[in-house]
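Here's the letter readout for the chains.
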Amino acid sequence: MTLNRFRTAISDPDVAGSLDAELASLADDGFDLDGDELRTVPRGWARDHPRLDLLRLRNLALARPPQTEPWLHTAECLDRVVAAWDRLDVWNAWLHTHVGPPPEGSGRHRR
């Protein structure tokens, strides 16, 4: 299951540094991490785990708060949206490297 692979990856001390750096960089770029949280600690994980906030997530999403900037209704909007997608591609690459792709045929985006 992808969630278990994510939890295992973020608990690996060799991976934790790159995770912290990537999430800090995304926050600096204005992205917020959000997701559905369990009310308690997931089974099998310590209550004092240093990344308990991430372990409690059942899913996650990165987004920027809605902006009503003057560029929103100009051609510049496309450039900013593409730049944001490119930035998130770095996060997707991190997930692919450390968690791996979802199993074939899983998820909501079946073909």
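Residues numbered from 1 in each chain as written. Predicted model: local features only at pLDDT ≥ 70, side-chain atom pairs only at ≥ 80, totals over all residues. Heavy atoms only, no water.

Caption draft 1: Focus on the packing of helix 2 (residues 13–28) against helix 4 (residues 76–98). For the pair helix 2 and helix 4, interaxial distance at closest approach is 11 Å and the crossing angle is 165 degrees. Classified by the interaxial angle, the pair formed by helix 2 and helix 4 is roughly antiparallel. Judged by the twist between their axes, the crossing of helix 2 over helix 4 is left-handed. Contacts between helix 2 and helix 4 involve V15, S18, L19, E22, L23, S25 and L26 from the former and R87, L88, V90, W91, W94 and H98 from the latter. Counted by class, the contact of helix 2 with helix 4 contains eight nonpolar, three polar and two charged residues. (Axes fitted to C-alpha atoms, helices over the stretch in contact; angles between N-to-C directions. Helix = DSSP H or I, 4+ residues; strand = E, 2+ residues; numbered from the N terminus. Parallel < 35°, antiparallel > 145°, perpendicular 65-115°, else oblique. Left-handed = near helix turned anticlockwise from the far one by under 90°. Contact = heavy atoms within 4.5 Å. Nonpolar A, V, L, I, M, F, W, Y, C, P; charged D, E, K, R; others polar.)

Caption draft 2: Seen up close, helix 4. For helix 4, which comprises 23 residues, the first-to-last C-alpha distance of 34 Å matches the rise-based estimate of 33 Å (1.5 Å per residue) to within 8%. Of the positions making up helix 4, those classed as buried are C77, A84, R87, L88, W91, W94 and L95. Elements in contact with the buried residues of helix 4: helix 1 (2–11), helix 2 and strand 2 (61–63). Note on helix 4: the residue one or two positions beyond its end, G100, has a positive phi of about 95 degrees. (Expected span 1.5 Å × (residues − 1). Buried < 20%, exposed > 50% of the residue type's maximum accessible area, 1.4 Å probe, protein only.)

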